[in-house]
Structures are given as C-alpha cells and as structure tokens.
Amino acid sequence: MSLRSGGRQLSFELLAGAGDLSADDADDISPRSLPDTTSDGQRRRRRRSKRKRGFRSPPIDEAASEGEQPRGEGGGDAAAAFRVTDLRSAVETVCESSEPERSAASCVTYVGVELRQRSVSRGERVLAASGEDEASSCGSSTRESAAAAAVAADVAAAAWRPEANGGVKKKLEKEESLDWEKYMKENSNILGEVERIDNSPFSYFLGELYGGNSLRSTIAVGNEKKRQRVYNTMFHVPWRCERLIVAGFFVCLDSFLSLLTIMPARIVVTIWRVLKTRKFRRPNAADLSDYGCFIVLALGVASLQMIDISLIYHVIRGQGTIKLYVVYNVLEIFDKLCQSFGEDVLQVLFNSAEGLSVCSTDNVTFELMRFLLDEAIAVVAFVVHSFVLLAQAITLSTCIIAHNNALLALLVSNNFAEIKSNVFKRVSKENLHNLVYYDIIERFHITAFLLFVLAQNILEAEGPWFDSFLINASLVFLCEVLIDAIKHSFLAKFNEIKPVAYSEFLEDLCKQILNDKPDDRQKDLTFIPLAPACVVIRVSTPVYATLLPAGPFIWRIFWILLWSVLTYFMLAIFKILVGLILRCLANWYVNLRLRRKQHVD
C-alpha cells in the first residue's frame, strides 16, 4: 500500500510538472498525454500502472526506435509533447490488457521514467522530461509470474526514492546566502562554550553576594545518613568507647587485686594444710600456677629493689625534651612487646604446671625440669618487663616535675603520634577489638605510673606539692581520654564501623566477667598484672618504711606485719567490692542486650 501511495503521489507531481508548461506548449499536448485527473477510470488505470512497475529495463534509445531526432535546444516543446503522449499510450496499452494478464500484474516490470530538468532557450520555465519506458509482459505461466514477483520485491526498497520512482526534482530557489560570521554572532554559544564573564571586581562581588554561599558549589548537600555519621563521630562512638575502657580498667584492677589478695591467700592455705596434715601430696595445676606466679612476683620485686631509682631519674632528667619524647616512645614500644611475649610465656608455664600435676611417676623428672625451665624464662621475661615499666614511670615523673613544659610537649607528641600511627590505617572489626584492649591496658599502666609519681612526691617533694600533682595527673588522664576518643571516632568513621560494635565488645567483656564463654577465649581481655604489681610494690615499700617507728628490730617487725595485714584487708575489701559490682553490672548489661535483641527480632 505504501508503494502504491508513493507512486500515486509521484503521478500527481508529474501532472503538476506538466501543468507548469506554457499555454503554447499545452496546446501542442494531446488530451491523451494529459489525462483528466477527475476521471475515475483514469485514476484506476494509473493505480494499475503503478502496481505493474517492476525492475527497470535498460532504457531504449527513443531516437533510434521512434525516429526521433536528437534533442537540441530547438524543438523542445514538440518533443516534450510527443514524449508524454507516447508514455501515456504505452501505459494504457498495458492497462487495457485482458483480465488473466491483469492478475499477473505483479510481474510487470517497472516502466522506467527519468525526469530531469533541462535548460530551455529564451529563459522560459518548462518541464524538460525525458522518458524511457519499456514494458515486458508476462507469460501465462505461473512460474514466470512468481519469478517476476520475486524480482519486483527485491527492488521495492529502491522504488522508495523519488528519483527511482520517476519523481520530479524540484529546483530549490536560493533566497539568501548563508553568512557564517553573522550566524556565529547571533549564536555565539552554539559550540557549548562558556560565556564570557564580566571581570569587574564589583560585578564579581555582587554576583557572589547574590549567588549564595560558594561552599554549596563544592560540597554536596548531606542527608540523614551523613547527619548520623557526624553524631556517631562526636557523641556515640566516644561515649561507648569510654564506657568500654572504664569497664576494662576495672577488670584489670580486679585481676591486679586478685594477684595481691587471692594468690597469697591460696598459698597460705596450701602451706597451712601441709603443715596441719603433715602429708605432702602432689599439688594440682592451679596450685602450681599460683606458686609459679608468686615466685615471679617475689623475684621481680627483689630485682627492682636492687635498682637505684635516683640514679635513673637523674640520667633521664639530664636529657632534653626531644630525648624524653624519644625515650618514652621507645619504652612504650618495648612495653607492648613484653606484653605480647609475657602472655605466651605465662601460657607455657601454666601448660607445664598442668602436665606436672597429671604426669605419671616415670615422667615426673622430665615434667619437673620443663616446669623449672619455663619458670626461669617467665622470671626473666617479667623482670625485664618490670624494669621497662619502671623506666617509663621515671620518665613520666621527670616530665611532671620539670618546669619547662616538658610534660605538655611529651603528651602532645606522644598522643598525636599514636593518632597518626593508628587512625589512617585500614583495620577490621577484630583488630579494633584488640586495639581497644591495648588502650585499656595502657590506661591501667598510666595509673600505675601516677602512683609511682605520688610515692616519689611523698618521699622527696618539699612544700605544697599535692595541688600541682593533682593538676598534672588530671592533665595526663584528660589527654589520654581525649586521644582515645578521637582515635576511635575516626577509626570507626574511616572503616565504616558502627557504634554498636563497641556495645558488642562490652558484651563480650561482661561475659568474660561472668565466665559465660569458656569455649571462645580469643575475644577475652588478656591482662597480666605481674609487672605492674612489681612496680607498685617497689615504689610502695619506701613509703611504708617512713611510717615505721624507730625502735628495736622486734618492734619494727611487729609494725611491718601490722601494716601488711591492714593493707591486705583493705585490698581484700576493695577486691570484694570491685568484683561484686563488676558481676552485677555485667549481669545487668548482658540481660539488657538480650532484651534489645529480642525486641529487634
């Protein structure tokens, strides 16, 4: 249907082109060459002729076949009338064929008509058309009709072009020449270039003033997720982290008090049982572990008693502020290394104690030798760790007593070096868990250092010193709390860790307090209080010595035992209070987390 419609339109264009002829030319054209467009029969014949078009046959030289003279500039009007008349007669001959031939009209080849403009003399507008028509009829055979129909379908796409369909090429009249410079002036931004901005300072300032804040062009507008991240960094993470560190600090304090109260009590009870029954039996693994820890503690305190604190103090004080910072950092690194190694050594010692307690009689010698060897290694390791902590405490005491702002320089340099070494690293949730536990142990060690500074001030300070000590100790603690808050806030921000992770860490710590997770010991807070206990006992002994009255040796022994018993009872009461409060709070928090999980589910 589309092909026929296109052919019909081209026929109308042909008639329109023929209507443009002059009156003299129209008189020469016969009615047969220009059919009446209002006649229905003529329309039907024209439609049939369009359907019968197929592939274009080679053009026939009209001059040879019809006896036409060559085209020239002379007889253009008569020749055009003759060609149009001859064209119409050829088409009518095909259309007036019989009905059987009309049924095979699809195989009629296309009558090629080529219309082109020709220039005519004397400047008149004429329709110069040269038609070359040729029609090939189909045989009565159906096979030939089908073959011709296939050929006609192959060239159907080419028939769409107006030139191929015999359409008239209309001449475009040039109305106005295209001036490129004028067009570019009218459409200056056609290439998408940025328009030129007025460089006047006043205009620029007014544009910025009325254009709004320039930061909105460089920073995207946030959403609720960004707001929640800001609140997490400023409030939620510091609060939950500090809550976890405080809870861990009291767990370390409970372990420290257990070493000073429970372990001596167990050893005294064991010795009293042996003396009462007068029967020696092989101790169990717990008793052997207590004996090993007591030996390490006693030898550690005895080793530190032989160290001259005043000599170390003056050596460290003679260094500059930068050297103090370097010395403190070196000692802090060795402290962490000794913590990691001491944990392994103590595990090996407990394993040897368990093997010695359950071994057979034949392997007693081997297990005993291995236990003694592990005990010697533990003594060396914890004596070295105790010396490192003592040197670190002396360095901090030197910075506090100095009057050249050495403490402030030490805190700033050390704490911000800690931020730099931790914040910009990619850490996982498990590594963050271990990092929080290191901060808890560091907080407890700083407390032990401040006790050392307090003891040194009691022994050697002159004048009103307590206010100055209180201010410096508060400054150290506040700086440590602030640095821990900043460090964990940005660690959680950069690693996309939610504040609920710190609540999960606290829940694990509470389960450790309640002994509710015996199978999973990897998430436990591992704190070995042997080295801090050696330092505290070493610095507390001279303070107790000043409280002893002068008199006979027996009288001094009495006062030593009295002060020791009083101290033990105070520590035992403190241990009971800390232990009970920790268990109550741990039980409450675990139940709270359980209710929240059930509510969320």
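Since this is a predicted model, take the numbers as computed values, not measurements. (Residues numbered from 1 in each chain as written. Predicted model: local features only at pLDDT ≥ 70, side-chain atom pairs only at ≥ 80, totals over all residues. Heavy atoms only, no water.)

**Overview of the overall build of the chain**
Stage number 1. Each helix and strand counted, the chain has 20 helices and two strands in total.
Stage number 2. Expressed as a percentage of its 601 residues, the buried residues of the chain come to 37%.
Stage number 3. A separation threshold of at least 6 residues defines the contact pool for the chain, and within that pool the share at least 24 residues apart is 82%.
Stage number 4. With the model as given, the accessible surface of the chain reaches about 37,500 Å², and the carbon-plus-sulfur share is 61%. (Helix = DSSP H or I, 4+ residues; strand = E, 2+ residues; numbered from the N terminus. Buried < 20%, exposed > 50% of the residue type's maximum accessible area, 1.4 Å probe, protein only. Contact = heavy atoms within 4.5 Å. Areas by Shrake-Rupley, 256 points an atom, 1.4 Å probe, with all protein chains shown as cover.)

**Some details on the environment of F490**
Stage number 1. Mapped onto the fold, F490 is located in helix 17 (residues 466-494).
Stage number 2. Among the residues examined, F490 registers a relative accessible area of 32% and is labelled partly exposed.
Stage number 3. Residues F490 and T233 lie 257 residues apart in sequence; the distance between their C-alpha atoms is 6.8 Å.
Stage number 4. Once residues lying within four places of it in the same chain are set aside, the contact partners of F490 are T233 and V423.

**A short note on the packing of aromatic side chains**
Stage number 1. The final tally for this structure, using the stated rule, is 16 aromatic pairs.
Stage number 2. Aromatic side chains F424 and F494 sit 6.0 Å apart centroid to centroid with 25 degrees between the ring planes, which places their arrangement in the stacked category. One end of the pair, F424, is in the loop between helix 15 (406-422) and helix 16 (429-460); the other, F494, is in helix 17, and 70 residues separate them in sequence.
Stage number 3. Judged by its relative accessible area of 63%, F424 is exposed.
Stage number 4. Put simply, the rings of F249, F250, F256, F444 and F527 touch in pairs and so form one group of aromatic residues. (Phe/Tyr/Trp six-rings, centres within 6.5 Å; stacked < 30°, edge-to-face > 60°.)

**Remarks on the pattern of salt bridges**
Stage number 1. All told, the structure shown has 14 salt bridges when counted by the stated rule.
Stage number 2. E507 serves as the salt-bridge partner of K597, at 3.3 Å between the closest nitrogen and oxygen. Here K597 is found in helix 20 (residues 553-600), whereas its partner E507 is found in helix 18 (residues 500-513), with 90 residues between them in sequence.
Stage number 3. What you see here is one network of salt bridges that share partners, running through E242, E418, D439, R443, D484 and K487. (Salt bridge = Lys/Arg side-chain N within 4 Å of Asp/Glu carboxyl O.)

**Side note on the side chain of N422**
Stage number 1. By the secondary structure assignment, N422 is in helix 15.
Stage number 2. Every residue in contact with N422, bar those within four places of it in the chain, is listed here: L435, K487 and L491.

**Quick word on the nonpolar core**
Stage number 1. Core analysis: the largest hydrophobic core is formed by 94 residues, its most contacted members being I394, L396, Y502, L509, L525 and L530.
Stage number 2. With 15 residues, helix 10 (residues 224-277) is the largest single contributor of residues to this core.
Stage number 3. In contact with L509, other than residues within four places in its own chain, are L244, A247, G248, V251, Y437 and L525. (Core = buried A, V, L, I, M, F, W, Y, C linked by side-chain atoms within 4.5 Å.)

**Thoughts on unusual backbone geometry**
Stage number 1. If you check the backbone angles, E496 has positive phi at about 55 degrees while not being a glycine.
Stage number 2. Considering the arrangement of structural elements, one finds E496 in the loop between helix 17 and helix 18.

**Quick word on a nonpolar patch on the surface**
Stage number 1. Taken together, I322, V326, V330, I333, F334 and L337 make up a surface patch of nonpolar side chains, about 570 Å² in accessible area.
Stage number 2. With respect to the secondary-structure elements, V330 resides in helix 13 (residues 321-358). (Patch = residues over 30% accessible without salt bridge, like charges linked within 9 Å, V, L, I, M, F, W, Y side chains within 5 Å.)

**Some points on a positive patch on the surface**
Stage number 1. Residues K225, K226, K493 and K498 make up a contiguous surface patch of positive charge.
Stage number 2. When you line up the elements, K226 lands in helix 10. (Lys, Arg positive; Asp, Glu negative; His and termini not counted. Charge placed at Lys NZ, Arg CZ, Asp CG, Glu CD.)

**Things to note about the environment of R229**
Stage number 1. Locating R229 in the fold gives a position in helix 10.
Stage number 2. On the basis of relative accessibility, which here comes to 30%, the residue R229 falls in the partly exposed class.

**A look at the UniProt feature "transmembrane region" (unreviewed entry) in the chain**
Stage number 1. Mapped onto this numbering, the UniProt entry annotates "transmembrane region" (unreviewed entry) at residues 244-274, 294-316, 376-394, 525-545 and 557-586.
Stage number 2. Annotated as residues 244-274, this span is 100% helix and 0% strand, and its ends, taken at the C-alpha atoms, are 43 Å apart.
Stage number 3. Its end C-alpha atoms 31 Å apart, residues 294-316 is made of 87% helix and 0% strand. (UniProt positions renumbered as here; feature names shortened; annotations may be inferred.)

**Side note on helix 11 (residues 285-305)**
Stage number 1. In a regular helix each residue adds 1.5 Å, so 21 residues correspond to 30 Å; helix 11 covers 30 Å between its end C-alpha atoms and thus fits that length.
Stage number 2. Every buried residue belonging to helix 11 is among D287, L288, S289, D290, G292, C293, V296, L297, G300, V301 and L304, and all of these are buried.
Stage number 3. At its buried positions, helix 11 is contacted by helix 10, helix 13, helix 14 (364-401) and helix 19 (530-547). (Expected span 1.5 Å × (residues − 1).)

**Concerning the side chain of Q456**
Stage number 1. Locating Q456 in the fold gives a position in helix 16.
Stage number 2. Beyond its immediate stretch of four places on either side in the chain, Q456 contacts I309 and A461.

**Some details on the confidence of the model for the chain**
Stage number 1. Averaged over every residue, the pLDDT of the chain is 75; residues scoring 70 or more account for 66%.
Stage number 2. In this model, residues 1-38 is a region of pLDDT below 50 whose contacts with residues beyond four sequence positions or in other chains number 48 contacts. (pLDDT = per-residue confidence, 0-100.)

**Here we look at the packing of helix 14 against helix 15**
Stage number 1. Across the interface, helix 14 lies against helix 15 with an axial gap of 6 Å and an inter-helix angle of 130 degrees. Put simply, helix 14 runs oblique to helix 15. The residues of helix 15 that touch helix 14, namely those facing L396, C399 and I400, are A406, L407 and L410.
Stage number 2. Residue composition of the contact of helix 14 with helix 15, by class: six nonpolar, no polar and no charged. (Axes fitted to C-alpha atoms, helices over the stretch in contact; angles between N-to-C directions. Parallel < 35°, antiparallel > 145°, perpendicular 65-115°, else oblique. Nonpolar A, V, L, I, M, F, W, Y, C, P; charged D, E, K, R; others polar.)

**Some details on the packing of helix 13 against helix 15**
Each pair of packed helices can be summarised by the angle the axes make with each other and by the distance between the axes.
Stage number 1. Following both chains from N to C, one finds helix 13 and helix 15 inclined at 45 degrees, their axes separated by 10 Å at the closest point. Our classification of the angle between helix 13 and helix 15 gives oblique. In the crossing of helix 13 with helix 15, the sense of the turn from one axis to the other is right-handed. Taken together, the residues of helix 15 that come into contact with helix 13 (itself represented by T321, L324, Y325, Y328, N329 and E332) are A406, A409, L410, S413, N414 and A417.
Stage number 2. For the contact of helix 13 with helix 15, the class distribution of residues is seven nonpolar, four polar and one charged. (Left-handed = near helix turned anticlockwise from the far one by under 90°.)

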